[in-house]
Amino acid sequence: QREGASVLFCVYRSTSSEGVSLSDNAARGVVCVGIPYPPLEAAVSLKKEYNKAAAARLGMGLDGETWYKLGAFRAINQALGRAIRHRRDFGAVALIDSRWTARGSLRAARYLPRWLRNLEGIGEGTRGEHLERTFDQIRDLLERHCRANRRALIAAEGEPARQVRARLTE
């Protein structure tokens with residue numbers, strides 16, 4: 001295992017953002033830019049129309065718009081899961097798109113994974129404007145998060161207290 005930092009850039013729905021397990025120090029953060037709605041090509045439009053008609057006819061099932069949105073949010077949830085792979089793993093995730101924090105938006109309450117909603121205290125009625133953060137607020141949150149988890153990680157590895165203090169002051 002190497003020391004240092006690295007950055008991995010991926011696109012939604014690729015092998016790296018969905019098919020690779022980057023647990024522990026392999027990934028300590030994920031930044032998701034945008035919401036990957038599929039392009040409205042003929043096949044996607046036809047599927048949306050089919051779902052809309054089927055839901056109206058049957059009175060149940062996914063309507064076209066819900067089906068369309070779920071694909072995008074499923075891709076985001078897959079990407080978010082790259083940083084946190086098991087119970088004892090930790091990492092930071094950031095969603096960069098104004099649609100998450102739009103006034104009245106319920107996207108976070110409806111589409112983020114339950115573990116993240118619970119961690120952030122996002123309830124059923126949480127609106128987007130309550131989730132907006134400035135860059136300085138995000139930086140401060142990340143610094144506190146990294147410091148706290150670094151201490152926990154070092155302590156869990158069983159290093160003597162003197163080495164722990166020395167590493168924390170680096």
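The present account deals with the structure reproduced in this document. Along each chain, the written sequence defines residue order, and numbers are assigned to residues from 1. The predicted origin of the model limits local features to residues at a pLDDT of at least 70 and limits the giving and counting of side-chain atom pairs to 80 or more, whereas totals for whole chains, interfaces and linings rest on all residues. Side-chain numbers come from the whole structure's heavy atoms, not from hydrogens or water.

**Focus on the packing of aromatic side chains**
Any pair of Phe, Tyr and Trp rings, taking the six-membered ring for Trp, is counted once the centres come within 6.5 Å. Such a pair is stacked with planes under 30 degrees apart, edge-to-face with planes over 60 apart, and tilted for the rest. A complete count under the given rule lists four aromatic pairs for this structure. On the basis of an interplanar angle of 10 degrees and a centroid distance of 5.5 Å, the ring pair of tyrosine 37 and tyrosine 68 is categorised as stacked. Here tyrosine 68 lies in helix α3 (residues 64-80) and tyrosine 37 lies in the loop between β1 (29-33) and α2 (42-58), a separation of 31 residues in the sequence. Buried means the residue's accessible area, taken with a 1.4 Å probe over protein chains only, is under 20% of the maximum for its type, while exposed means over 50%, and partly exposed covers the values in between. On the basis of relative accessibility, which here comes to 9%, the residue tyrosine 68 falls in the buried class. By relative accessible area, which is 22% here, tyrosine 37 ends up partly exposed. Three or more aromatic residues joined by ring pairs make a cluster, and in this case those are Tyr37, Tyr68, Phe73, Trp100 and Tyr111. Both a distance and an angle decide whether a charge sits over a ring: NZ of Lys or CZ of Arg must be within 6 Å of the ring centre and within 35 degrees of the ring normal. Of note, lysine 48 hangs over the ring of tyrosine 68, and the distance from its end group to the ring centre comes to 4.4 Å. By definition, any uninterrupted DSSP run of H or I lasting at least four residues is a helix, any uninterrupted run of E lasting at least two residues is a strand, and each is numbered from the N terminus.

**Examining the pattern of salt bridges**
Throughout this description, the term salt bridge denotes a Lys or Arg side-chain nitrogen within 4 Å of a carboxyl oxygen of Asp or Glu. For the structure shown, the criterion picks out four salt bridges. Put simply, lysine 48 and glutamate 65 hold a salt bridge, and the shortest N to O gap is 3.0 Å. Note that lysine 48 is positioned in helix α2 and glutamate 65 in helix α3, a separation of 17 residues in sequence. A relative accessible area of 37% places glutamate 65 in the partly exposed class.

**Things to note about α2**
To estimate how far a helix should extend, the number of its residues minus one is multiplied by 1.5 Å. Compared with an ideal rise of 1.5 Å per residue, which puts 17 residues at 24 Å, α2 spans 24 Å between its outermost C-alpha atoms and is within 8% of the ideal. Taken together, the buried positions of α2 are occupied by Val44, Lys48, Asn51, Ala54 and Ala55. The buried residues of α2 occupy an angular sector of 135 degrees when the element is viewed end-on, so they sit on one face. Exposed and oriented more than 90 degrees from the buried face of α2 are Ala42, Leu46, Tyr50, Ala56 and Arg57. In this context, the arc is that of the directions from the helix axis out to the C-beta atoms.

**Some details on the pairing of β1**
Because side chains alternate across β1, one face comprises the buried residues Val30 and Cys32, and the other comprises Gly29, Val31 and Val33, none of which is buried. As judged from the five bridges shared by β1 and strand β2 (residues 92-96), these two strands associate in the parallel manner. Bridge pairing in β2 links valine 31 to alanine 94. The pairing criterion for strands is at least two bridges between them, as found by DSSP.

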